[in-house]
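Descriptive structure summary
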Amino acid sequence: MKTEDLITNLVADTTPVQPLPGPWTRGVFWFAYGVAYLGLAVLLGLSRKGRLATTGDPVYVVQQVALLVTALMAAIAAFASVIPGYSGHIHLLPIVPATVWLAMLAGGCLLDVRTLGTLGLSSQSDWPCVTSMTVGGLILWGVMALMLRRGAPMTPRLTGVLGGIAALSIANIEACLTRPHAFTSIVLVWHGATSAVLILLLAKVGQRVWRWPTNPTAS
Amino acid sequence: MSESELTDEHFRVLMQRAQGGDQDAYAALLTVITHRVRRIVRRRRGFLGAEAVEDLVQDVLLSVHSVRATYDPSRPFAPWLLAIVRHRLADAARRDARTQARQVVFDEEDVTFADLAANTVDEPTGDAAALAHAIRGLPAGQRQAIELLKLQEMSLKEASAATGLSVSALKVATHRAMQTLKRTLTVKHED
């Protein structure tokens, strides 16, 4: 097909389109959905177990807040990654809160060793958290994936990773709120490994989910 | 207004109108950006050839069309367009690299046959002047048949229409001409 004919076809095909809201707006919208999911999961956990696994420990609170901020920043970065023309620096938004979370966990591990004399890794397996994080992460990521389809698939792997970080951060909070963990290392290793594996998987899925249109007449 | 005088503001306004469904604005926008995109693609991937460059330009236009809702009219147009071009070119480069990695390149082999006499690799081209001379020496009917069917590569039907001779007559004339040429050139070669 000649390029002039393609232009004629595209012009004939054009319909009014609503410009997408900015990544901050869409990120906050998805985050609100994530918080609603979290609220529902907490209510379900409360109704089943009668109480939450929360503590008033400031370290615990800061960890959960850092995860919330990571989720919000990663969501904004994911939505920015499908808008052409945005600076790549916006993709770095979740790094600071995620680093704070990891640093708090590492500090918690050191404190466990100092006060309890062990990391406690062999004391508890955490398969229920792996399950709930996988299910919750996929539900949250799925909604984001649908929203991200309205965008330019410039960096599908990176978009998948950022969306995965956002979804797994919320799922992580849910796992920490509904199930008690005796040792910080359990959270670091089990939750960290689950998050890492799922994020890598979602990066691969992203490549298949978000694609540019193909030119059927290309030689 | 010439293309070079168009500012980002013009593009921004055209795109905003296109997003509102204005077909004239959209046609004007696509026409102008096609020239610019083609220049960029030629500069970066011109070594691929004109056809491949045009395919890439069309890829970019399709992409612009499919993601036109991502353009925010409050932001400049050029970075938006250039980001699409850059990513589409990178995609194409990756696709080409994958394709080349799967291709097996081999040298064109000489055609060989079990019968050594049938191999033509080392066969001399022949004496073109002697052949031309031999054709000129043919009787008029045979010469005409050779010129039309062998030199001008006409079909029997076309040659028949051109000469008014029947297909059978042309076949006979060609056969006889070939026999005569073979004899003439063999004798010349032996001399």
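Attention here is on the structure that accompanies the text.

Turning to the interface of chain A and chain B, a few remarks are in order. Counting residues at the interface gives 35 residues for chain A, matched by 36 residues for chain B. Note on chain A versus chain B: buried area summed over both sides is about 2,900 Å², and carbon and sulfur give 62% of it. The tally of links from chain A across to chain B stands at zero salt bridges. At the junction of chain A and chain B, the tally comes to nine residue pairs in polar contact (both at pLDDT 80 or more). Of the residues assigned to the side of chain A that touches chain B, the class counts are 20 nonpolar, eleven polar and four charged.

In this structure, Glu153 of chain B takes a positive phi of about 55° despite not being glycine. Along the chain, Glu153 of chain B falls in the loop between α6 (140-151) and α7 (156-163).

What follows is about empty space enclosed by the protein. Going through the model one piece at a time under the given rule, you end up with one cavity of 30 Å³ or more. Quantified by volume, the largest cavity comes out at close to 60 Å³. As for the largest cavity, its lining consists of Leu20, Pro21, Gly22, Pro23, Ile83 and Tyr86 of chain A together with Ala69, Thr70, Tyr71, Asp72 and Arg75 of chain B. Counted by class, the lining of the largest cavity contains seven nonpolar, two polar and two charged residues.

On to the layout of surface pockets, then. By volume, the largest pocket amounts to about 940 Å³. As for the largest pocket, its lining consists of 32 residues, of which Arg88, Asp91, Ala92, Arg95 and Arg98 of chain B are closest to the centre. Counting only elements with at least two residues in the lining of the largest pocket, the list comes to α6 (156-178) and α7 (184-209) of chain A together with α3 (50-66) and α4 (77-102) of chain B. Tallying contributions element by element places α4 of chain B first for the lining of the largest pocket, with nine residues. Its residues assigned to classes, the lining of the largest pocket shows 13 nonpolar, six polar and 13 charged. Considering the residues around the second largest pocket, the lining is formed by 19 residues, among which Asp57, Tyr60, Gln63, His181 and Thr184 of chain A are closest to the centre. Of all the secondary structure elements, the ones that give two or more residues to the lining of the second largest pocket are α3 (58-80), α4 (95-116) and α7 of chain A. A class-by-class count of the residues in the lining of the second largest pocket yields ten nonpolar, six polar and three charged.

Rules behind the numbers
- Residues numbered from 1 in each chain as written.
- Chains lettered and ligands numbered in written order.
- Predicted model: local features only at pLDDT ≥ 70, side-chain atom pairs only at ≥ 80, totals over all residues.
- Heavy atoms only, no water.
- Contact = heavy atoms within 4.5 Å.
- Buried area = accessible area lost by both parts, 1.4 Å probe.
- Salt bridge = Lys/Arg side-chain N within 4 Å of Asp/Glu carboxyl O.
- Polar contact = N/O pair within 3.5 Å; in protein donor to acceptor, adjacent residues only side chain to side chain.
- Nonpolar A, V, L, I, M, F, W, Y, C, P; charged D, E, K, R; others polar.
- Helix = DSSP H or I, 4+ residues; strand = E, 2+ residues; numbered from the N terminus.
- 1 Å grid on protein atoms, 1.4 Å probe; cavity = no way out; pocket = protein on both sides within 12 Å on 5 of 7 lines; lining within 4 Å.
- Points joined across faces, edges and corners; volume = space filled by probe spheres on them.

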